[in-house]
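Observations on the three-dimensional arrangement
Now for the letters of each chain:
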Amino acid sequence: MKRGWHVMATVRETGKTGLHELAERHPAQLEIEMVDVTSPFQIAALHERLEGRMFDLLFHNAGTANQPDGTVAETSTDEFVKVMVTNALSPLRVIETFQDSVEPTGTIGVMSSGQGSVANNTNGGHEIYRGSKAALNSYMRSYDARHRGEQRTLILMAPGWVKTDLGGPDARLTIEESIPGVVTVIDNLKGRPGLHYVDYLGQTVPW
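Residues numbered from 1 in each chain as written. Predicted model: local features only at pLDDT ≥ 70, side-chain atom pairs only at ≥ 80, totals over all residues. Heavy atoms only, no water.

**Notes on the packing of helix α2 (residues 40-49) against helix α3 (residues 77-98)**
Running from N to C, α2 and α3 point in directions that differ by 30°, and their axes come no closer than 10 Å. One element, α2, and the other, α3, form an angle in the roughly parallel class. Both α2 and α3 take part in a crossing whose hand is right-handed. Between α2 and α3, the residues in contact are P40, I43, L46 and H47 and R93, V94, T97 and F98, respectively. Split by residue class, the contact of α2 with α3 holds five nonpolar, two polar and one charged. (Axes fitted to C-alpha atoms, helices over the stretch in contact; angles between N-to-C directions. Helix = DSSP H or I, 4+ residues; strand = E, 2+ residues; numbered from the N terminus. Parallel < 35°, antiparallel > 145°, perpendicular 65-115°, else oblique. Left-handed = near helix turned anticlockwise from the far one by under 90°. Contact = heavy atoms within 4.5 Å. Nonpolar A, V, L, I, M, F, W, Y, C, P; charged D, E, K, R; others polar.)

Okay, structure coming up:
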């Protein structure tokens with residue numbers, strides 16, 4: 001809110017969240033819509049509701065981890081599918097649906113993870129989550145290849161290990177330590193076409 005941006009954010013359900021409380025404090029800067037990004041029908045319905053709206057930035061943040069954590073072989077098929085649909089398939093569905101709502105020189109970003117880096121995977125662990133983010137990164141490389149020559153900035157963002165519902169209480173960073181950096185990096189990459197895989201400090205993450 002401090003940057004003066006007008007933000008449209010989404011929630012999955014109708015219940016009141018911290019986002020709604022923020023919107024009550026900043027009604028002129030924050031709008032809230034509802035969509036479950038794992039549902040193609042809800043994605044399409046949101047696109048229809050927002051027909052005619054154009055955005056400078058589209059940022060896809062939704063993600064999940066498998067419960068309980070374990071190796072690939074130990075993970076149930078249902079849990080594997082849930083993580084891959086949420087983390088890898090759904091972001092591309094959202095991007096493909098809403099790309100016509102992003103300015104030609106705008107930015108499309110996705111919340112990836114440093115754990116999506118194959119080169120940096122020297123310790124293992126969190127195999128399904130890592131695989132889903134590596135898949136997301138690969139799909140964004142394909143999207144970039146299909147849209148080569150366009151002027152949009154594409155970003156895969158690694159926010160660090162953050163104390164959220166996903167990251168858990170033992171994470172290294174607070175939201176206040178990570179997210180301002182995420183926003184600054186996104187802002188600094190504006191006007192630099194092509195795909196960038198970077199962290200919240202602006203450092204390039206190896207594929």
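**Things to note about the packing of aromatic side chains**
This model, assessed by the stated rule, comprises one aromatic pair. Look at Y197 and W207: their rings are 5.0 Å apart centre to centre, the planes differ by 45°, and that puts the pair in the tilted class. One end of the pair, Y197, is in strand β6 (residues 194-199); the other, W207, is in the segment after β6, with ten residues separating them in the sequence. According to the relative accessible area criterion, W207 is partly exposed, its value standing at 36%. The aromatic ring of W207 is capped on one face by R141, whose charged end is 4.6 Å from the ring centroid. (Phe/Tyr/Trp six-rings, centres within 6.5 Å; stacked < 30°, edge-to-face > 60°. Buried < 20%, exposed > 50% of the residue type's maximum accessible area, 1.4 Å probe, protein only. Lys NZ or Arg CZ within 6 Å of the ring centre and 35° of its normal.)

**Looking at the side chain of S113**
Positionally, S113 belongs in the loop between β4 (102-111) and α4 (127-146). A polar atom in the side chain of S113 sits 2.9 Å from the backbone nitrogen of Q115. (Polar contact = N/O pair within 3.5 Å; in protein donor to acceptor, adjacent residues only side chain to side chain.)

**Things to note about the environment of A134**
Mapped onto the elements, A134 comes out in helix α4. The exposure class of A134 is partly exposed, given its relative accessible area of 23%. Between the C-alpha atoms of A134 and G114, which are 20 residues apart in sequence, the distance is 9.3 Å. Discounting chain neighbours no more than four positions away, the residues touching A134 are G116 and V118.

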